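# Coordinate inspection notes
Here is how the chains run, residue by residue.
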Amino acid sequence: GTFTNDAGKAAELAGAIVKTVPILKLIFPFIRSPINLLKFSFDRAFFAGPEVSRQVLANMPDLPMLKNTQATIRKELNSRNPVERARAAGKIATASMMNASLLYMILSNRDFITSGGPKDTAQLKTLEQTGWQRYSFRVGDKYFSYSGLDPFGTHFGVLADLVDQFDEANSEINSTVAEQVFAAATISMTRNITDKSYLAGLQLVSDALSNPERKMEKLVNNLAGGFVPNILYQGQSLGGDTTTREVRNIGDALLKKLPNGNDALDPKRNLLGEPITVENYPIVGPFNPSRISTRKGDEVFEELANLEHGFTNPPTKLDRLIDLTDYKKDTNQSAYDRQLELLGETKIRGKSLRQSLEKLIRDKRYQRLSTISEGGVKSPRIALINRIISRYRRVAFVKMLEEFPEVKDKYMQIRQAKVVGKSGGSEDVITNLLNLNE
């Protein structure tokens, strides 16, 4: 009932490693239950239909999560005992029937059952700003997540991703169906594994090892925040704080978990400079395993999502040398957050960025332009949207420099150093201009 039974050799090996390196206990507090949960789901999401099952059984690769199940099925199918053979055939038939039915249901209700969404992170964030939510059931304009309802949430997520993968590849059931199934299944399983909160540590370690310069800090921050009792953080949610916050260093990770600590952190902001909030039911919200999101019908973000382009916020560093998050006001607001906030406040010809984009989107000439990007050629709508966003960003940037004179001075020094460098100035002169020895 709690998935704490023996999880096989993989769990034993993982447990031995954690015992040998005790600090890993902070990253992998649970081993047996997560492995059993995933195995339960993947075992049952394995067969996609009768024809697929025959080819799968003939070409079944050694996927780690399914190896024991595969071996058992092979053994039972080859058994001399007719009862065992019948039982194995019954498992395959039942799995094929149920999964084929679920796949058909998902395929017929694509607008009401969501998968993991776009693989591009920027596209996914843009789509989520419309209120769309990954791994969810849509009821009216609300999305109810099934991702946390394991073990069945993972089973359903795997099948939803399979449908998406086949759709993207324009795959058809043919003689190579086994290879297609496993190519799609690998992506589907990976996405469902990394979406689980109880495997967040595994994802953090994997990211940190593959890209230590960018991801190692996030792993350290997560470990530091883990030392603060989670009840303090849940208390903030109970108090009604629904604004998501940026965590950029260890201090931020600790503040986020402390009472009223969120107020000292920069909010996460969308492309228009508006704070990003999450929906939460009063009192029960922090304990609800099913996240909720409402499709807002936001004209701007619906259009951005429809273009399937990775729109992103400006980088936190100027010229890759000035980290705007290091410069703060007395209110603890960073120069970077102020720049994004000014983006939403700035008006050009009496219109905010949102109002200008809404006017563009409603224009009949804009509506006649294609929304499709293909063959490396982007939709002409993207260029028009980027042009307006860039105009507002330039104004917001100038205003931010006026409010943060130390950033402005440093920025001007760098610009001057670049001019000297291009004109053949000496290294000593450029170094002095940049104040690199301070």
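In the block above lies the structure referred to throughout.
Computed from a predicted structure; not experimentally measured. (Residues numbered from 1 in each chain as written. Predicted model: local features only at pLDDT ≥ 70, side-chain atom pairs only at ≥ 80, totals over all residues. Heavy atoms only, no water.)

A separate point is the packing of aromatic side chains. Per the stated rule, a full pass over the model turns up 5 aromatic pairs. Between Phe137 and Tyr146 the ring centres are 4.9 Å apart and the planes differ by 45 degrees, which places this aromatic pair in the tilted class. Judged by its relative accessible area of 32%, Phe137 is partly exposed. For the pair Tyr146 and Phe156, a centre-to-centre distance of 5.3 Å together with 75 degrees between the ring planes defines the contact as edge-to-face. Of this pair, Tyr146 sits in the loop between strand S2 (142-145) and helix H7 (152-169) while Phe156 sits in helix H7, and the two are 10 residues apart along the sequence. Of the two residues, Tyr146 and Phe156, both sit in the buried class. Grouped by ring-pair contacts, the aromatic residues Tyr135, Phe137, Tyr146 and Phe156 constitute a single cluster. (Phe/Tyr/Trp six-rings, centres within 6.5 Å; stacked < 30°, edge-to-face > 60°. Buried < 20%, exposed > 50% of the residue type's maximum accessible area, 1.4 Å probe, protein only. Helix = DSSP H or I, 4+ residues; strand = E, 2+ residues; numbered from the N terminus.)

Glancing now at a positive patch on the surface. Taken together, the side chains of Arg349, Lys351, Lys359, Arg387, Arg391 and Arg394 present a region of like positive charge at the surface. The greatest single-element share of the positive patch, amounting to 3 residues, is contributed by helix H17 (residues 380-403). In this structure, Arg394 sits in helix H17. (Patch = residues over 30% accessible without salt bridge, like charges linked within 9 Å, V, L, I, M, F, W, Y side chains within 5 Å. Areas by Shrake-Rupley, 256 points an atom, 1.4 Å probe, with all protein chains shown as cover. Salt bridge = Lys/Arg side-chain N within 4 Å of Asp/Glu carboxyl O. Lys, Arg positive; Asp, Glu negative; His and termini not counted. Charge placed at Lys NZ, Arg CZ, Asp CG, Glu CD.)

With that settled, the discussion passes to H17. Between its terminal C-alpha atoms H17 stretches 36 Å, which fits the 34 Å expected from 24 residues at 1.5 Å a residue. Turning to H17, its buried residues are Arg381, Ile382, Ile385, Ile388, Ile389, Tyr392, Ala396, Phe397, Met400 and Leu401. (Expected span 1.5 Å × (residues − 1).)

Another point: the packing of helix H15 (residues 353-362) against H17. Taken N-terminus to C-terminus, the directions of H15 and H17 make an angle of 160 degrees; their axes are 10 Å apart at the nearest point. As summarised for this structure, H15 and H17 are arranged roughly antiparallel, according to the angle between their axes. In terms of crossing hand, the pair formed by H15 and H17 is right-handed. Residues Leu353, Ser356, Leu357 and Leu360 of H15 form the contact with H17, whose participating residues are Leu384, Ile385, Ile388, Ile389 and Tyr392. Along the lines of polarity and charge, the residues of the contact of H15 with H17 split into 8 nonpolar, 1 polar and no charged. (Axes fitted to C-alpha atoms, helices over the stretch in contact; angles between N-to-C directions. Parallel < 35°, antiparallel > 145°, perpendicular 65-115°, else oblique. Left-handed = near helix turned anticlockwise from the far one by under 90°. Contact = heavy atoms within 4.5 Å. Nonpolar A, V, L, I, M, F, W, Y, C, P; charged D, E, K, R; others polar.)

Moving on, we get to the pairing of S2. The alternating pattern of S2 places Tyr143 and Ser145 on a buried face and Lys142 and Phe144 on a face that is not buried. With 4 bridges connecting them, strand S1 (residues 136-139) and S2 associate as antiparallel partners. For Arg138, the partnering residue across the bridge sits in S2 and is Tyr143. Linking S1 to S2, which pair antiparallel, is a turn of 2 residues; within it Gly140 sits at a positive phi near 65 degrees. In this sheet, strand S3 (residues 292-294) lies alongside S2 in antiparallel orientation, the contact comprising 3 bridges. The residue bridging Phe144 from the neighbouring strand is Ile292, located in S3. (Pairing = 2+ DSSP bridges.)

Right, let's talk about the packing of helix H14 (residues 335-345) against H17 for a bit. It is the contact of H14 with H17, at a shortest axis distance of 8 Å, that shows an interaxial angle of 135 degrees. When the axis of H14 is compared with that of H17, the two are oblique. Here the hand of the crossing between H14 and H17 comes out right-handed. Counting all contacts with H14, which are made through Ala335, Arg338, Gln339, Leu342 and Leu343, the residues of H17 involved are Tyr392, Arg393, Ala396, Phe397, Lys399, Met400 and Glu403. Of the residues that constitute the contact of H14 with H17, the class distribution is 7 nonpolar, 1 polar and 4 charged.

Quick look at the nonpolar core now. Core analysis: the biggest nonpolar cluster contains 33 residues, and Leu324, Leu353, Leu357, Ile385, Met400 and Val407 have the highest contact counts within it. Of all the secondary structure elements, the ones that give two or more residues to this core are helix H13 (299-306), H14, H15, H17 and helix H18 (405-422). In terms of residue count, the dominant contributor to this core is H17 (9 residues). Sequence-distant contacts of Ile385, defined by excluding residues within four places in its chain, comprise Glu303, Leu304, Leu307, Phe311, Leu357, Leu360 and Tyr366. Among the nonpolar cores identified, the runner-up in size contains 11 residues, and Leu103, Ile113, Phe156 and Val158 belong to it. (Core = buried A, V, L, I, M, F, W, Y, C linked by side-chain atoms within 4.5 Å.)

Taken together, 3 strands build an open sheet; the order of strands is S1-S2-S3 and the sheet is antiparallel. The open sheet terminates on both sides in strands that have one partner only, identified here as S1 and S3. Across this sheet, the average inter-strand angle for adjacent strands is 25 degrees, counted without regard to direction.

Before going further, it helps to spend a moment on the side chain of Arg295. Here Arg295 is to be found in the loop between S3 and H13. A distance of 2.8 Å separates polar atoms of two side chains, one belonging to Arg295 and the other to Tyr143. Among all residues touching Arg295, those that are not within four sequence positions of it are Thr130, Gly131, Trp132, Arg138, Asp141, Tyr143 and Glu302. (Polar contact = N/O pair within 3.5 Å; in protein donor to acceptor, adjacent residues only side chain to side chain.)

All right, on to the pattern of salt bridges then. A full pass over the atoms with the stated rule returns 18 salt bridges. Here Asp319 ties to Arg415 by a salt bridge, and the two come within 3.5 Å at their closest N and O atoms. A residue pair is termed long-range when its members are at least 10 positions apart, and Asp319 in the loop between strand S4 (317-318) and strand S5 (322-323) and Arg415 in helix H18 qualify at 96 residues. Residue Asp319 is classed as partly exposed on the basis of its relative accessible area, which comes to 26%. The partly exposed category is assigned to Arg415, whose relative accessible area is 36%. Several salt bridges converge on common partners, so that one network encompasses Arg269, Lys329, Asp337, Arg338, Glu341, Glu345 and Glu403.

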